[in-house]
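# Observations on the model geometry
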Amino acid sequence: MKAPPFILLSSRYRILKKRLHPLTKEFGLTLYVLRKSRLAMIGAVIVALFIFLAIFGELIAPYDPNEIDIAARFSVPTREHLLGTDKLGRDVFSRILVGARYTIRSGLTVLAIAVPTGIILGGIAGLFGGWLDEMIMRITDVFLAFPYLILAMSFSAALGPSLFNAMLALSLVWWPLYTRLVRGQALAVRETAYVEAATSKGASKWNLIFKHILPNCLSPILVTFTLDMGAIITAAAALSFLGFGAQPPLSEWGRMVSDGRQYLFQAWWVSLFPGFAIALTVLGFNLLGDGIRDALDPKLRRITEVKWKKRIRS
Amino acid sequence: MTLRRYILRRLLLLIPILLGVLIMVFVISYLIPADPARAWAGPQARPAQVEALREQYHLNDPLHMQIYYYLKKLILHFDLGISATTHRPVMNDLKAFFPATFELAFFAFLLAIVIGIPLGVISALKRNRLIDHVARIIALTGVSTPLFWSALLLQFIFYYKLGWLPAVGRSMIQIHRYTGFILLDSVLNGNWEALSDAFRRLILPAVTLAFYSMGYLVRITRGSMLEVLESDYVAMAKAKGLPERIINYRHALKNAIIPPITVLGINFGWLLSGTVLLETIFAWPGMGRYAAGSIVQVDLPAIVGYTLVVALVMILSNLIVDISYSIIDPRVRVGGKVE
């Protein structure tokens, strides 16, 4: 007689749960450590708010970000215009709300291009070694040999200044960091006994990269990326500030700072508020990144783990 | 390997990296969809003029020939070519702009080290006390604030609101230029008025530039110091009854200082990146502003010259950092297998 399907399902679920247990346990601990840190939670709230604005900014903005109202130009912050208006009478508050999406887009684009490139190149360099490693790392050296901003500016100028090209340019200069990180990790993992065991069982190189090396790189990559997100946002805003990124009338934050710069002494709110938005967002990512780093740090983890277990038991 | 051979090897390694930088800049310039010669000649130029410019800068030749011509001129005559927009030799332009940038970056670098490292050490020693919290807030603000924004904020406060410091520009007081470094020249001239003016003008851009690096150094130093303070040999030193001051400074600091020094080289690179932004905002007549202007005008010879100089400075600063390890930590044998 066959067992009724729901029993089969529940037993499968139990097996799955058991298999995943070490993973979920670790994840639960990470979340617990993260929640214990007040600063990390402040960071998480800022980041959450930022993501919320990036998605719904347009809906909650009181004005159309590009609505021109010359009569109300350079209005000081008032109840109608919370953060004042710019030289065309556009509402600065609405523009900041809507601008969040351009900022997060630059971060995500770099994530989507630079990180996978870094992982693949770093993995290849670390695992295969030899001339391939030498070649990849020397190219990386060249990229790291001069200031990323100049390089990104040249790329962006070469491609034609636009927000998308600025992001592309940033991705082009950002991958060497991850290549180095993954290569270092790959070199360390390559020497471990379990990789040796996998190799002796006939695992392919790609299998090694995706099954053994990549999972071991995930936490350093996660930490680096969260802490890096701030730097990417700043760099993207800087490119727009210099005129190599977003073009008017896009309400990108760096662009807004640069547009208001001329009128700094006449109407400080036009450029200082968008800049504050950048600083706050970057601060959020830095706080969250610090928190995640601490939460994944084995030393700090074990100390908290004891407390955590006690709490779960009670 | 002796220190001298190590330095020699590292200096030789400069050549392929600089060559790589050169090739990369040329490849980027090759990929530019716009026609640089047309941009240089201006909108009213006749086709023959544009063609002449193309011939002059070898723009009709294939990429590898362009690089070959460039290298030949550089190696034989130490010539970086003629800027397409200022019509002066790039080498002269860079020589004229370098002191201003170096003065700014070096002063900011010094400021970041002198404030950042001690603050990090104190913060770690007084962990979770008021001064630690203050230091951490300063550090976090430093690494989170975009340079171009803090520059505007400081201009607004210290120039417009308080009127304490000038907002833009380098000192214009006429003095004899011995070196091009205004601070140094004023001292050599014995002109104290010029010195104070130069110094007052340097404060705002340098402080802005230093802010990020300082914050970063505080964070690195604090973390490294905390780790060392928890190590066994510090516990041992405590058990031996050594005075706190000796433990902290002779035992802990000496080991904790390595990570901050490692990032100093990278930091200097950031400062150079930052000068591009800052010199634009503070109308500071340096290489950064020159580079930003050249990129806008697709002035290829100027861009290539600038990138080469900056790459050289960055590689050299990393080399100095690596050498300084061996002075601070005798265990590090330079060139040996440390990994």
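Right, let's talk about the overall build of chain B for a bit. Summing up its helical and strand segments, chain B has 14 helices and 0 strands in all. Counting helices and strands in the order they occur from the N terminus, chain B gives α-α-α-α-α-α-α-α-α-α-α-α-α-α. Along the three orthogonal principal directions, the C-alpha set of chain B runs to about 85 × 55 × 40 Å. For chain B, buried positions account for 49% of its 339 residues. Across chain B, the fraction of contacts at a sequence separation of at least 24, relative to all contacts at a separation of at least 6, is 72%. Side-chain charges of chain B comprise 31 positive and 20 negative groups, with the mean position of each set lying 7 Å from the other.

From N to C terminus, chain A includes 11 helices and 0 strands. Reading the secondary structure of chain A in the N-to-C direction produces α-α-α-α-α-α-α-α-α-α-α. Counting all 314 residues of chain A, 49% fall into the buried class. When the accessible surface of chain A is summed, it comes to about 15,800 Å², and 67% of that surface belongs to carbon and sulfur atoms. Treating the 35 positive side-chain charges of chain A as one cloud and the 20 negative ones as another, the clouds have centres 14 Å apart.

All names here are of chain B. Mapping Asn-191 onto the fold places it in the loop between α8 (182–189) and α9 (192–229). Overall, the relative accessible area of 21% leaves Asn-191 in the partly exposed class. Put simply, Asn-191 and Leu-154 are 37 residues apart on the chain and 28 Å apart in space, counted from C-alpha to C-alpha. With near-sequence residues (within four places) excluded, Asn-191 lies in contact with Ile-173, Ile-175 and Ser-186. Within the structure, the side chain of Asn-191 is placed 3.3 Å from the backbone nitrogen of Glu-193, a separation counted as a polar contact.

Further remarks concern the interface of chain A and chain B. Facing the 42 residues of chain A at the interface are 40 residues of chain B. Where chain A meets chain B, there are 1 salt bridge. Ionic pairing is found between Arg-219 of chain B and Asp-290 of chain A, a salt bridge with its closest N-O pair at 3.0 Å. Counting across the chain A and chain B interface gives 4 residue pairs in polar contact (both at pLDDT 80 or more). Within the residue set of the side of chain A that touches chain B, elements represented by two or more residues are α4 (130–144), α5 (148–159), α8 (205–241), α9 (253–261) and α10 (269–296) of chain A. Broken down by element, the residue count for the side of chain A that touches chain B peaks at 11 residues, all from α10 of chain A. Per-class residue counts for the side of chain A that touches chain B are 32 nonpolar, 6 polar and 4 charged.

Tallying each qualifying case throughout the model produces 23 aromatic pairs over all chains. Centre to centre, the rings of Phe-74 of chain A and Tyr-263 of chain A are 4.9 Å apart; their planes meet at 55 degrees, and the pair counts as tilted. Taken as a pair, Phe-74 of chain A in the loop between α2 (38–60) and α3 (92–128) and Tyr-263 of chain A in the loop between α9 and α10 lie far apart in primary sequence, 189 residues in all. You can call Phe-74 of chain A buried: its relative accessible area is 14%. With centroids separated by 5.6 Å and ring planes inclined at 10 degrees, the aromatic side chains of Phe-102 of chain B and Phe-106 of chain B adopt a geometry described as stacked. Of the two residues, Phe-102 of chain B and Phe-106 of chain B both sit in helix α5 (residues 90–125), 4 residues apart, roughly one turn of that helix. Here Phe-106 of chain B falls in the partly exposed class, since its relative accessible area comes to 39%.

With that out of the way, let us pick up the environment of Arg-138 of chain A. Residues and elements named next belong to chain A. Topologically, Arg-138 is positioned in helix α4. The exposure class assigned to Arg-138 is partly exposed, which follows from its relative accessible area of 35%. For the pair Arg-138 and Gln-262, spaced 124 residues apart in sequence, the C-alpha separation works out to 43 Å. Among the polar contacts listed, one links the side chain of Arg-138 to the side chain of Asp-141, at a separation of 3.0 Å.

The next thing to look at is the packing of α5 of chain A against helix α12 (residues 258–281) of chain B. Where α5 of chain A meets α12 of chain B, the closest approach of the two axes is 7 Å, and the angle between their N-to-C directions is 50 degrees. Our classification of the angle between α5 of chain A and α12 of chain B gives oblique. Contacts between α5 of chain A and α12 of chain B involve Tyr-148, Leu-149, Ile-150 and Met-153 of chain A from the first element and Trp-270, Ser-273, Val-276 and Leu-277 of chain B from the second. Looking at the contact of α5 of chain A with α12 of chain B residue by residue, the classes come out as 7 nonpolar, 1 polar and no charged.

Residues and elements named next belong to chain B. Looking at where Asp-197 falls in the secondary structure, it is placed in helix α9. A residue is classified by how much of its surface remains accessible, and Asp-197, at 15% relative accessible area, is buried. Contact partners of Asp-197, with chain neighbours within four places excluded, come to Ser-171, Met-172 and Ile-173.

A word on the confidence of the model for chain B. Within chain B, residue pLDDT values average 83, and 96% of them lie at 70 or more. Both scores are available for the predicted complex, with the pTM at 0.84 and the ipTM at 0.83.

This part takes up a nonpolar patch on the surface. Residues and elements named next belong to chain A. Side chains of Leu-49, Ile-51, Phe-52, Ile-55, Phe-56, Leu-59 and Ile-60 sit close together on the surface and give an oily, nonpolar patch of about 680 Å² of accessible area. Note that Leu-59 resides in helix α2. Among the residues examined, Leu-59 registers a relative accessible area of 69% and is labelled exposed.

Time to look at the environment of Glu-227 of chain B. By secondary structure assignment, the location of Glu-227 of chain B is in helix α9. Note: C-alpha distance between Glu-227 of chain B and Leu-152 of chain B (75 residues apart in sequence) is 37 Å.

What follows covers the nonpolar core. If you look at the biggest cluster of nonpolar residues, it comprises 164 residues, and the most contacted ones within it are Met-153, Leu-170 and Trp-174 of chain A together with Val-21, Phe-148 and Leu-308 of chain B. If one sorts the elements of this core by residue count, α8 of chain A sits on top with 17 residues. Once you skip the residues sitting within four places of it in the chain, Leu-308 of chain B turns out to touch Leu-18, Val-21, Leu-22, Tyr-70, Leu-74 and Leu-80 of chain B.

All names here are of chain A. Relative orientation of the contacting elements α8 and α9 amounts to 40 degrees, with a least axis distance of 7 Å. The two elements α8 and α9 meet at a crossing, and its hand is right-handed. Between α8 and α9, the residues in contact are Ala-237, Ser-240 and Phe-241 and Gly-254, Arg-255, Val-257, Ser-258 and Arg-261, respectively. Tallied by class, the residues present in the contact of α8 with α9 amount to 3 nonpolar, 3 polar and 2 charged.

Mapping Thr-145 of chain B onto the fold places it in the loop between α6 (130–144) and α7 (147–161). There is a polar contact of 2.4 Å between the side chain of Thr-145 of chain B and the backbone oxygen of Thr-141 of chain B. Among residues more than four places away in sequence, those in contact with Thr-145 of chain B are Ala-279 of chain A together with Ser-150 and Phe-211 of chain B.

The subject of this paragraph is the pattern of salt bridges. Residue and element names in this part refer to chain A. Throughout the structure, instances matching the rule amount to 15 salt bridges over all chains. The residue Glu-58 makes a salt bridge to Arg-101 at a minimum N-O spacing of 3.2 Å. Of this pair, Glu-58 sits in helix α2 while Arg-101 sits in helix α3, and the two are 43 residues apart along the sequence. We classify Glu-58 as partly exposed; its relative accessible area is 46%.

Rules used in this analysis
- Residues numbered from 1 in each chain as written.
- Chains lettered and ligands numbered in written order.
- Predicted model: local features only at pLDDT ≥ 70, side-chain atom pairs only at ≥ 80, totals over all residues.
- Heavy atoms only, no water.
- Helix = DSSP H or I, 4+ residues; strand = E, 2+ residues; numbered from the N terminus.
- Buried < 20%, exposed > 50% of the residue type's maximum accessible area, 1.4 Å probe, protein only.
- Contact = heavy atoms within 4.5 Å.
- Lys, Arg positive; Asp, Glu negative; His and termini not counted.
- Charge placed at Lys NZ, Arg CZ, Asp CG, Glu CD.
- Areas by Shrake-Rupley, 256 points an atom, 1.4 Å probe, with all protein chains shown as cover.
- Polar contact = N/O pair within 3.5 Å; in protein donor to acceptor, adjacent residues only side chain to side chain.
- Salt bridge = Lys/Arg side-chain N within 4 Å of Asp/Glu carboxyl O.
- Nonpolar A, V, L, I, M, F, W, Y, C, P; charged D, E, K, R; others polar.
- Phe/Tyr/Trp six-rings, centres within 6.5 Å; stacked < 30°, edge-to-face > 60°.
- Axes fitted to C-alpha atoms, helices over the stretch in contact; angles between N-to-C directions.
- Parallel < 35°, antiparallel > 145°, perpendicular 65-115°, else oblique.
- pLDDT = per-residue confidence, 0-100.
- Patch = residues over 30% accessible without salt bridge, like charges linked within 9 Å, V, L, I, M, F, W, Y side chains within 5 Å.
- Core = buried A, V, L, I, M, F, W, Y, C linked by side-chain atoms within 4.5 Å.
- Left-handed = near helix turned anticlockwise from the far one by under 90°.

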